[in-house]
Amino acid sequence: PKAARKEVLRQREVVLLDAGPLVGLYNENDDWHDRCKRFFGQEDRYDYLLTHAVLCEVVFHIQKDRDAKAASEAVVSLLELIEKGELKLHDDGDDY
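Now for a description of the structure that goes with this document. (Residues numbered from 1 in each chain as written. Predicted model: local features only at pLDDT ≥ 70, side-chain atom pairs only at ≥ 80, totals over all residues. Heavy atoms only, no water.)

### Some words on the pattern of salt bridges
Part 1 of the argument: All told, the structure shown has 2 salt bridges when counted by the stated rule.
Part 2 of the argument: The partner of Lys-69 in a salt bridge is Glu-73, and the shortest N-O contact between them spans 3.3 Å. You can see Lys-69 and its partner Glu-73 sitting in helix α5 (residues 68-83), 4 residues apart, about one turn around the helix.
Part 3 of the argument: By relative accessible area, which is 62% here, Lys-69 ends up exposed.
Part 4 of the argument: Note that Lys-84 is salt-bridged to Glu-86, the shortest N-O span being 3.8 Å.
Part 5 of the argument: Lys-84 gets classed as exposed once you look at its relative accessible area, which sits at 57%. (Salt bridge = Lys/Arg side-chain N within 4 Å of Asp/Glu carboxyl O. Helix = DSSP H or I, 4+ residues; strand = E, 2+ residues; numbered from the N terminus. Buried < 20%, exposed > 50% of the residue type's maximum accessible area, 1.4 Å probe, protein only.)

### Describing the sheet that holds strand β3 (residues 87-89)
Part 1 of the argument: Taking strand neighbours across the sheet as the criterion, the 3 strands line up as β1-β2-β3 in an open arrangement whose pairing is parallel. The sheet terminates laterally at β1 (13-16) and β3, the two strands that pair on one side only. Between one strand axis and the next, the sheet turns through 35 degrees on average, direction left out of account.
Part 2 of the argument: Where strand β2 (residues 46-50) lies against β3, 3 bridges are found, and the strand directions are parallel. Bridge pairing links Leu-49 to Lys-88 in β3. (Pairing = 2+ DSSP bridges. Axes fitted to C-alpha atoms, helices over the stretch in contact; angles between N-to-C directions.)

Printed below as a string of structure tokens:
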């Protein structure tokens, strides 16, 4: 029982992301850019979860607001966060 309680205390909260905070993070002209940078800068505080639909929407907005080279770099950066596990892409079969 004590070990189980300690394990629960070590788990981080899961934050289900909508596109807005990620768009704000990647768009320096967004009114919420600085706030999004601070929120995502809180290392190891949360597990960030996003759906495939949110990922598609964020990529759309990144591409819409930049030239092709900058958009490609931003999308690669976003995908690297997923690859490193800093953002978790939800799969219908996952348990959270």
